[in-house]
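# Structural overview for review
Spelled out, the chains give:
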Amino acid sequence: MDYPKGLDPYTARQHLLHHTYSPLISIQSSLNSDILFQSILNNNDISTLQIFKPYGNNARYSIPNQSFKITNSQLITKSYPSFPVRFEPSLPELLSVYNTSSSSISQSNSSTTTTTSTSTTTNINNSTTPSGGQPLNQLFSISSLEVLLKHLSLTSHDKELYLAFYNKIITSNKIVPFETFNHPIAQIFIVDFENDSIESLRKMIVEFRNFSFPKFFQIDDLLIHTFILYDSNKFSTNDLFNFQNQIRSTLNINSSIIPIIQPLSNDSLVKLSIIENSTIEEDLQRIALQEQSSNSIPSTNYIQIPKSIDSIIRNKLFEFINKYLIPHMQTKIRLWDDQRLQPKKSITGRIFSVSRKLFNNNNNSNNNNNNNSDSNLNNSSNSNINSGSFNYNEHYYHKSSSEQIIRKLADWSLILKDFKYAYSTYDLIKKDYTNDRAWVYVASIQEMCIVSLLLAQTQEGNINTIDKNTLRRIRHDIIEPYIDNLSYTFKSRLNIKTYSLRTIIIIIELLLCISTAFNVSWFFNDLVERYLRKLIDEFDNHLSSSTPQAIRAVLFERLGYTLGKCTYISEVNLHYLNIDKFNQEKLPKSEKDEPENEEGYYHNPYKLNPTTSTSVTGLTRFRKSSIWYLLSIKQWIDLKRIKQIQYLLGNIRLIYNIDSLDNINNINNINWYDRNDLLLGFVKRYINEYETTTTSTA
């Protein structure tokens, strides 16, 4: 039954795998390749990255009979209709943001520690780790998210608005040490065959390799590749093959050729979204530039590309992913599994791990007894880098340590949809993080344990029946304690509560997925409701609770959807929820009913007649769902978003009569909930006034 209407949890699951748990590929293009695309598209403001970025969503921009074959850890090969990737700016550009924030934080810490001894003591006591490490940055700005959501609500409505809110929370390209999903897996250099030479390509690669990478990032794990753009009308394929062989022999990297031809006059155009996989900051910057633009032609959120070039790019990217990217990831996973994971699982590896932990703990206890805390902290952090232990000052494991490599192994396995193997790997390495008191890694790994477990349970082809004992273990042994621990760590220990907010909203959608897959909404309903109300409280604490909020409105809406989908009805009796028969139909009178005109018979006009929903009375949560929808409508009224109000009114029609707007001012013809002092009556009168004003204006 498609009631209430809202975002399908499986759609949210697909967007999660696309925007968060997908390979990140950084692109660095030459100036000549940008000029080539600009001349073909007649757009001097376009870049090569903007053209390639939408094609990362190969579920939307696909080719006929598209199929990606992936072999998991059990050597079982499966085919998937799509394998999305994320195209982002060059790796040095992404890392420059991290380096800038780290240097500014370290400078602020050094300035505060040189003031007085009292301020130094206070700084250590309020630090994010027991060792007084540097504070971490928030994942996103809540205030910016609210501004963006209010702007989007001007043009978007219905379920697309919550989807936009969800996408912006889970989309990020920030590189952090404790999770590797935003660590690029491949680096692509794009050159123009006609104007770029091997020497210019070599210079680009040398400058890239000479960049100062963080100590937690392993550049040797990158897949280096080259895209060669050329005009097929000017050059033959033999020339391109010779150029490819020279690149392979000189620079030892593979390359792919992409023919770019001048489109014909009658060639049709394809629209590409330039806001695909964009972050909150990128959207706000784009909106600000559009508002400040003085051009008479309004800016759009898409570009047009000739269909012939569109088809070539789709096929070449499909070939690159199948031929280079997926095999590269599978080879690395097998290597890390043999060299790092299996020795850790063995008895010898466990004994060595315990002895190393004891040795490091003894060193840390001796260092804590010294009075010169600053110098000892720096010395211990340097020694920890060399030994592979956790660096408490900068919150990372060294790139060559087993802890960092195994975390990347688990993340890449999840990207390749091997969820069960990823969960077992996360669960194994979690113990080492806990022993090292690497709290940011512990919180992140607890999040991924829940995510990988729920993704495995909701994977297509693996959905079977599930018993109550398994549900209890998932909820009481994993989800609830892990959420409590990571929320405390992110919020209280590390002061980065936006990571906790992202985790909670991801878990909510995955819980709705498993509820839909196994028809167990009654089991997780109270948990999802609790987490949604927790999100509302967290956003209210940051924003002003007295002013209308778009974030609060969409969360109220999701609460209504969650409760509306909660049923205590078995699959055999789900046909009783037929919405066509359920909607306020009255039961026919029996022959034994007394006639209304009989003498001495009293007819009560306010008597509530039974409806066809009596068979499922008490087994649904439609009334509670309607209350949350009304609270969401109240927020949208304050924000004056009439389209969203009209959409949400359709989700309460089973409980309230929303069609009686004509006679609402006649007190004898209205229902009890249409009174002036009740919320629904206020909503109906607001819509009447709006329609009257619109009609008179027209």
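## Some words on the overall build of the protein chain
- Looking only at helices and strands, the protein chain has 24 helices and nine strands in total.
- Scored against the burial criterion, the 698 residues of the protein chain give a buried share of 52%.
- In the protein chain, the share of contacts with a sequence separation of at least 24, taken over all contacts with a separation of at least 6, comes to 78%.
- On the protein chain, roughly 33,600 Å² of surface is accessible, and the fraction owed to carbon and sulfur atoms is 49%.

## Some remarks on the environment of Lys643
- Counting through the fold element by element, Lys643 comes out in helix H23 (residues 642-649).
- A relative accessible area of 55% places Lys643 in the exposed class.
- In the structure, Lys643 is positioned 487 residues away from Ser156 in sequence and 8.8 Å away in space, judged by C-alpha atoms.

## A word on the sheet that holds strand E4 (residues 86-88)
- Ordered by their spatial adjacency, five strands build an open sheet running E4-E1-E5-E6-E7, and the pairing between neighbours is parallel. This sheet does not close on itself; its edge strands, each paired only once, are E4 and strand E7 (254-259). Direction aside, the axes of adjacent strands within the sheet are offset by 30° on average.
- As judged from the five bridges shared by strand E1 (residues 24-29) and strand E5 (residues 186-192), these two strands associate in the parallel manner. Each residue of the ladder has a partner; that of Ser29, found in E5, is Ile190.

## Points about the environment of Trp336
- Inspection of the secondary structure puts Trp336 in helix H11 (residues 307-345).
- Put simply, Trp336 and Ile405 are 69 residues apart on the chain and 7.3 Å apart in space, counted from C-alpha to C-alpha.
- Among residues more than four places away in sequence, those in contact with Trp336 are Asp221, Leu341, Ile405, Lys408, Leu409 and Trp412.

## Considering the nonpolar core
- Among the nonpolar cores identified, the biggest contains 193 residues, and Phe52, Phe83, Phe165, Phe320, Leu325, Ile479 and Phe539 are the most heavily contacted of them.
- Formed jointly, this core draws a minimum of three residues from each of two domains, domain 1 (9-58 + 84-328) and domain 2 (658-698).
- Setting aside residues no more than four positions away along its own chain, Phe539 makes contact with Ile142, Leu145, Phe165, Ile169, Leu501, Ile551 and Leu555.

## Here's the deal with unusual backbone geometry
- Not every positive phi belongs to a glycine, and Asn42 is a case in point at roughly 55°.
- Checked against the element boundaries, Asn42 lands in the loop between helix H2 (31-41) and helix H3 (48-52).
- Phi at Asn495 takes a positive value of approximately 60°, unusual for a residue other than glycine.
- Looking at the secondary structure, you find Asn495 in the loop between helix H17 (468-493) and helix H18 (497-518).
- Its relative accessible area of 54% is what places Asn495 among the exposed residues.

## A short note on the packing of aromatic side chains
- For the structure shown, the criterion picks out 32 aromatic pairs.
- Relative to Tyr392, the ring of Phe390 has its centre 5.1 Å away and its plane inclined at 90°; by these criteria the two rings are edge-to-face. Of the two residues, Phe390 and Tyr392, both sit in the buried class.
- These aromatic residues form a ring-pair network of at least three members: Phe37, Phe52, Phe87, Phe227, Phe320 and Tyr324.
- One cation-aromatic arrangement involves Lys408 over Phe217; the distance from NZ or CZ to the ring centre is 5.9 Å.
- Lying over the aromatic face of Trp439, Arg493 brings its terminal NZ or CZ to 4.1 Å of the ring centre.

## Examining the pairing of strand E3 (residues 77-80)
- Bridging between strand E2 (residues 68-71) and E3 involves four bridges; their strand directions are antiparallel. Directly across from Phe68, in E3, lies its bridge partner Tyr80.
- Connecting E2 to the antiparallel partner E3 that follows it, the hairpin turn spans five residues, and Leu75 within it adopts a positive phi of roughly 60°.

## Regarding the confidence of the model for the protein chain
- Considering every residue of the protein chain, the mean pLDDT works out to 84; 80% of them sit at 70 or more.
- Within the model, the stretch residues 108-132 combines pLDDT values under 50 with 22 contacts to residues more than four positions away or in other chains.
- With pLDDT under 50 throughout, residues 362-387 is counted as low confidence; its partners more than four residues away or in other chains account for 14 contacts.

## Considerations on helix H24 (residues 679-697)
- Over its 19 residues, H24 extends 27 Å from the first C-alpha to the last, a length consistent with the 27 Å expected when each residue adds 1.5 Å.
- Those residues of H24 hidden inside the fold are in contact with helix H22 (622-639) and H23.

## A look at the packing of helix H1 (residues 9-19) against H18
- Interaxial distance between H1 and H18 falls to 8 Å at its minimum, and their mutual angle equals 130°. Classified by the interaxial angle, the pair formed by H1 and H18 is oblique. Classified by chirality, the crossing of H18 by H1 is left-handed. Each of Pro9, Tyr10, Ala12, Arg13 and Leu16 in H1 lies in contact with H18, whose residues at this interface are Ile506, Glu509, Leu510, Leu512, Cys513, Thr516 and Ala517.

## Thoughts on the side chain of Ser487
- Tracing the sequence through the fold places Ser487 in helix H17.
- The exposure class assigned to Ser487 is buried, which follows from its relative accessible area of 8%.
- Among residues more than four places away in sequence, those in contact with Ser487 are Ser492, Ser500, Ile504 and Lys534.

## Points about the pattern of salt bridges
- Under the defined criterion, the tally for this structure stands at 27 salt bridges.
- For Arg475, the salt bridge is made with Glu480, and the minimal N-O distance between the two is 2.9 Å. Each member of the pair, Arg475 together with Glu480, is buried.
- A salt bridge links Arg530 to Glu480, with the shortest nitrogen-to-oxygen separation between them at 3.6 Å. Of this pair, Arg530 sits in helix H19 (residues 521-542) while Glu480 sits in helix H17, placing them 50 residues apart in sequence.
- Of the residues examined, Arg530 reaches a relative accessible area of 42% and is grouped as partly exposed.
- In the salt-bridge network here, residues are joined through shared partners; they are Arg475, Glu480, Asp526 and Arg530.

## Overview of the packing of H11 against helix H14 (residues 402-415)
- Contact geometry for H11 and H14: axes closest at 9 Å, N-to-C directions at 135°. With respect to H14, the axis of H11 lies oblique. Seen from above, H11 lies across H14 with left-handed handedness. In contact with His328, Met329, Lys332, Ile333, Trp336, Asp337, Arg340, Leu341 and Lys344 of H11, H14 contributes Ser402, Ile405, Ile406, Lys408, Leu409, Trp412, Ser413 and Ile415.
- Here the residues of the contact of H11 with H14 are counted per class, giving nine nonpolar, three polar and five charged.

## Here's the deal with the environment of Ser278
- Its place among the elements puts Ser278 in the loop between strand E8 (269-273) and helix H10 (280-292).
- Judged by its relative accessible area of 5%, Ser278 is buried.
- For the pair Ser278 and His19, spaced 259 residues apart in sequence, the C-alpha to C-alpha distance is 9.3 Å.

## As for H23
- With six of its eight residues buried, H23 lies for the most part within the structure.
- Those residues of H23 that fall on the buried side of the exposure criterion are Ile642, Gln644, Ile645, Tyr647, Leu648 and Leu649.
- Of the surrounding elements, those touching the buried residues of H23 are helix H7 (159-170), helix H20 (550-564), H22 and H24.

Rules used in this analysis
- Residues numbered from 1 in each chain as written.
- Predicted model: local features only at pLDDT ≥ 70, side-chain atom pairs only at ≥ 80, totals over all residues.
- Heavy atoms only, no water.
- Helix = DSSP H or I, 4+ residues; strand = E, 2+ residues; numbered from the N terminus.
- Buried < 20%, exposed > 50% of the residue type's maximum accessible area, 1.4 Å probe, protein only.
- Contact = heavy atoms within 4.5 Å.
- Areas by Shrake-Rupley, 256 points an atom, 1.4 Å probe, with all protein chains shown as cover.
- Pairing = 2+ DSSP bridges.
- Axes fitted to C-alpha atoms, helices over the stretch in contact; angles between N-to-C directions.
- Core = buried A, V, L, I, M, F, W, Y, C linked by side-chain atoms within 4.5 Å.
- Domains from an automatic or database assignment.
- Phe/Tyr/Trp six-rings, centres within 6.5 Å; stacked < 30°, edge-to-face > 60°.
- Lys NZ or Arg CZ within 6 Å of the ring centre and 35° of its normal.
- pLDDT = per-residue confidence, 0-100.
- Expected span 1.5 Å × (residues − 1).
- Parallel < 35°, antiparallel > 145°, perpendicular 65-115°, else oblique.
- Left-handed = near helix turned anticlockwise from the far one by under 90°.
- Salt bridge = Lys/Arg side-chain N within 4 Å of Asp/Glu carboxyl O.
- Nonpolar A, V, L, I, M, F, W, Y, C, P; charged D, E, K, R; others polar.

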